[in-house]
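Working through the structure, step by step
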Amino acid sequence: MAQICGAEVDEEGFLVDLKDWNEDICKQMAQDDDVDLTDEHWDVINFLREYFEEYQIAPAVRVLTKAIAKRMGKDKGNSKYLYSLFPYGPGKQGCRFAGLPKPTGCI
Amino acid sequence: MATKKFMYLNRRSSFGTVYAIESLEVVLIAAAFEQDVSLAFMDDGVYQIVEGQETDGIGMKNFSKTFHALGDYDINKLYVSKESLEERGLSESDLMPLVYEDEDDDWEEKPSVKVVTNDELKAIMSEQDVCLSF
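The text that follows walks through the structure, step by step, so that each part is easy to find. It should be emphasised that the depicted structure is a prediction, and the values quoted were computed from it without experimental measurement. (Residues numbered from 1 in each chain as written. Chains lettered and ligands numbered in written order. Predicted model: local features only at pLDDT ≥ 70, side-chain atom pairs only at ≥ 80, totals over all residues.)

**Structural notes on the overall build of chain A**
Secondary structure summary: chain A contains five helices and two strands in total. Order of helices (α) and strands (β) in chain A, N terminus to C terminus: β-β-α-α-α-α-α. Relative to its length of 107 residues, chain A is compact, with a C-alpha radius of gyration of 13 Å against a globular reference of 13 Å. Taken along the three principal axes of its C-alpha coordinates, chain A extends 40 × 30 × 25 Å. Considering chain A as a whole, with its 107 residues, one finds that 29% of them fall into the buried category. Pairs at least 24 residues apart make up 53% of the contacts formed inside chain A by residues separated by at least 6 positions. (Helix = DSSP H or I, 4+ residues; strand = E, 2+ residues; numbered from the N terminus. Rg over C-alpha atoms; globule rule 2.2 N^0.38 Å. Buried ≥ 20, exposed ≤ 12 C-beta atoms within 10 Å, placed from the backbone. Contact = placed C-beta atoms within 7 Å.)

**Notes on the overall build of chain B**
Tallying secondary structure elements over chain B gives three helices and seven strands in all. For chain B, the N- to C-terminal ordering of α and β elements is β-α-β-β-α-β-β-β-α-β. Taken over the C-alpha trace, chain B has a radius of gyration of 14 Å; the compact-globule value for 134 residues is 14 Å, and the two agree within 12%. Counting only residues that meet the buried cut, chain B has 33% of its 134 residues in that class. When contacts within chain B are restricted to residue pairs at least 6 apart in sequence, long-range pairs at least 24 apart make up 76% of them.

**What about the pairing of strand β1 (residues 5-10) of chain B?**
Residues and elements named next belong to chain B. Of all six residues in β1, five are buried; the element is thus mostly enclosed. Sheet analysis places β1 next to strand β2 (residues 36-41), joined by six bridges and oriented parallel. Bridging from a neighbouring strand, Tyr 8 pairs with Leu 39 of β2. In this region the chain leaves β1, passes through helix α1 (residues 19-32) and returns to the parallel neighbour β2; the handedness of that crossover is right-handed. Relative to strand β7 (residues 130-133), β1 runs parallel, the two being bridged by four bridges. Note on β7: the bridge partner recorded for Phe 6 is Val 130. (Pairing = 2+ DSSP bridges. Right-handed = clockwise from strand over helix to strand, strands pointing away.)

**Quick word on the sheet that holds strand β6 (residues 113-116) of chain B**
Residue and element names in this part refer to chain B. One open sheet accounts for five strands, arranged β6-β3-β2-β1-β7; its pairing is parallel. Among the strands making up the open sheet, the edge pair consists of β6 and β7. Adjacent strand axes in the sheet meet at a mean angle of 25 degrees when their direction is disregarded. Across three bridges, β2 lies against strand β3 (residues 78-81) in parallel orientation. (Axes fitted to C-alpha atoms, helices over the stretch in contact; angles between N-to-C directions.)

Read these as layout, nothing more, since geometry by itself doesn't imply function.
So this is what it looks like as C-alpha cells:
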C-alpha cells in the first residue's frame, strides 16, 4: 500500500488511519498536487478537521460552502473561492489534505 | 428531477448491527440529491438518538454525533414513536436536542425532533412516496 511520510494511504490517496494525520503529511500531499498551501488553505483545512471532530463526517460540498459562509463570510463561502484553493474539489481534495475520509455521497 | 418524499424508518439500536450507521449513510447520500427526506424512529430505533452515547469502550465510531449535522443537510423532520419511548422508560428529554436553522425565519434554531403517536406516524408514512426500513 502507498505511503505518505510513513502513513498508509488508500488508492485515492486518503489516509487509512485518520489518527496518522499531521501537518507534514498535509504539506506533502499538497506538494504532490502542486498546491502551494497558504493561510487561506489552512483556514479551510482546520475548519474541515473541526467539523469532523464535532460531527464525525466529512461534509458535502454544499454543506461546507454554507458553513464557511457563516463562519468566514460570503466572499469565502462560495464554491468559486473554494475551488480556487482546491482545484480538485474542496470536498475531495480538501478532505484528503485534512486527513478526513472521502465525503459521504462524493462520487 | 421531481422531488419525492423519502422516509427512512429506523427500528434497531445504534450498535451491535450495521443497520443504524448504514441508514444514516444512505440518508446523507439521499440528501445530496435534494429530495424531501424524513426519518422515523420506532422500537429499539429510538435508542439511536438518545443523548450521551459513549463508544470508547466498544471501539466503534460514535456516529450519534452525526445526527447533529442533519440540520445542515436540510433534514429536519425526525419523528419518534411516543409508544416506543414509553415502552423503554424514555421521554423526549432523554433524546439529543437536534435542531435546524430555518432559512425562512431569519435562521432561527428550531427543533428537528417530533414525538408522535404510532397512529400519527402511520398517517405520515402513508404520505410518503418511498419508505425504507432499516
